[in-house]
Amino acid sequence: MTSLPLIPAATDKPTRRAAMPQQHLADLDLAGRQALVAELGEPAFRAKQISNHYFGRLVRDPQLMTDLPAAARERLAERLMPRLLTAVRELTCDDGATRKALWRLHDGALVESVLMGYEDRVTVCISSQAGCGMACPFCATGQAGLTRNLSTAEIVDQAVYLAGVAASGAVAGSPARLSHVVFMGMGEPLANYARVVAAIRRLVAPAPEGLGLSQRHITVSTVGLVPAIRRLASEDLSVTLALSLHAPDDDLRDELVPVNQRWKVAEVLDAAWDYAARTGRRVSIEYAMIKDVNDQPWRADLLGRLLAGKLAHVNLIPLNPTPGSRWDASPKPVEREFVRRLRAAGVSTTVRDTRGREIDGACGQLAAAEDSDTDRAAAAPA
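Below you will find a few notes about this structure. (Residues numbered from 1 in each chain as written. Predicted model: local features only at pLDDT ≥ 70, side-chain atom pairs only at ≥ 80, totals over all residues. Heavy atoms only, no water.)

1. Description of the overall build of the protein
In terms of helices and strands, the protein carries twelve helices and 13 strands. Out of the 382 residues in the protein, the part that is buried amounts to 56%. A separation of at least 24 residues holds for 69% of the contacts in the protein among residues at least 6 apart in sequence. When the accessible surface of the protein is split by element, carbon and sulfur atoms take 51% of a total near 16000 Å². (Helix = DSSP H or I, 4+ residues; strand = E, 2+ residues; numbered from the N terminus. Buried < 20%, exposed > 50% of the residue type's maximum accessible area, 1.4 Å probe, protein only. Contact = heavy atoms within 4.5 Å. Areas by Shrake-Rupley, 256 points an atom, 1.4 Å probe, with all protein chains shown as cover.)

In structure tokens form, the structure reads like this:
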């Protein structure tokens, strides 16, 4: 594990008064940016200039936008580029191919994002909320509760920063261009629906309006908010839907994913199949393998029956236990048998690559560690 150099962050823990940040250019489409620039008395083409810097060249520091006149740069930066993310900690492992960043937002909330470099692609995992209100008991973020939704720009800025890391050549053996974004960081993306959809549109719009990623390379995860899944299907987007199922039966899923008490397995899967039918996109079924909890052979068989013949793929996730948790990862022989039974039922199944364990890789772990460290420091005698 290696710690990367960062801009020094304040050591005092800010007072947590959850509040949305000042408007940023990434909150607006290009027409909105042009209108705002005109209000500032600048020509409309300045909006394209500043947008090209941010989305095209991945420049997040207005002082580096030297082709803008100094006076205009100051006005535009103050109104369109407030600082959204302050680096607290950044860790790397897997010979630099995995990098996890912990950010402090303007109101003191903490969020995380992760870059994962592969031979053929660079993927970033971004957060959509500070904390999470879904209360899944095996998840570090769920244990922390919800602080607030992120703004569209706070979501996008994570991707722009990590795209810049990739472009710098810092991830050896991987392409220098960000290609994939997964909404699998902190929070339930569909509980922050409007801002997440706006962020997706920024990510896929061509520069200078956005990052120019393929819609098919965007994945949105959900625990199963049925009305929002159905709404997403009507957005004319071809992003991948990832359903965090974690149990094929209502009795267990009620415990592991409390929102199941509102929308049961059958209803959630029905919405997922409708999404697949309307978009033509295969649904990814996320299933955390938890020792002696959801890894029994009969549950593999039941899951296989539910998914057989559907446009779906199962992504088994070896659990990354959180400190003090009673949950642990399934043994490898149990995991292999689960895979065998699903494949025997005709269900495409893979096991997720376990990256980042030594850098608190599971969602919410790094933020929880930072909060604990700060609390201990504040409680220590002077």
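2. Notes on the packing of helix α1 (residues 30-39) against helix α2 (residues 45-56)
Direction vectors running N to C along α1 and α2 enclose 125°, while the axes themselves pass 8 Å from each other. With respect to each other, α1 and α2 are oriented oblique. The two elements α1 and α2 meet at a crossing, and its hand is right-handed. Residues Leu 30, Arg 33, Gln 34 and Val 37 of α1 form the contact with α2, whose own contacting residues are Arg 46, Ala 47, Lys 48, Ser 51 and Phe 55. Here the contact of α1 with α2 is built from residues that sort into four nonpolar, two polar and three charged. (Axes fitted to C-alpha atoms, helices over the stretch in contact; angles between N-to-C directions. Parallel < 35°, antiparallel > 145°, perpendicular 65-115°, else oblique. Left-handed = near helix turned anticlockwise from the far one by under 90°. Nonpolar A, V, L, I, M, F, W, Y, C, P; charged D, E, K, R; others polar.)

3. Thoughts on the packing of aromatic side chains
For the structure on display, the rule yields four aromatic pairs. Measuring from ring centre to ring centre gives 6.5 Å for Phe 138 and Trp 327, while their planes differ by 75°; the resulting arrangement is edge-to-face. With a gap of 189 residues between them, Phe 138 in the loop between β6 (129-131) and α4 (140-144) and Trp 327 in the loop between β12 (312-318) and α11 (332-344) connect regions that are remote in the sequence. Note that Arg 121 overlies the ring of Tyr 118, its terminal NZ or CZ placed 4.0 Å from the centroid. When the ring centre of Trp 327 is taken as origin, the NZ or CZ atom of Arg 326, which lies over that ring, is 4.0 Å away. (Phe/Tyr/Trp six-rings, centres within 6.5 Å; stacked < 30°, edge-to-face > 60°. Lys NZ or Arg CZ within 6 Å of the ring centre and 35° of its normal.)

4. Some remarks on the pairing of strand β9 (residues 218-222)
Taken across its five residues, β9 has five buried, putting it largely inside the fold. Along β9, one buried face is formed by Ile 218, Val 220 and Thr 222 and the opposite face, lined by Thr 219 and Ser 221, is buried too. In the classification by handedness, the crossover that spans strand β8 (residues 180-183), the intervening helix α6 (residues 193-204) and the parallel β9 is right-handed. As paired elements, β9 and strand β10 (residues 240-244) share four bridges and run parallel to each other. Across the sheet, residue Thr 219 finds its bridge partner in β10, namely Thr 240. Assessed by its sense of winding, the connection that carries the chain from β9 through helix α7 (residues 226-233) to β10 is right-handed. (Right-handed = clockwise from strand over helix to strand, strands pointing away. Pairing = 2+ DSSP bridges.)

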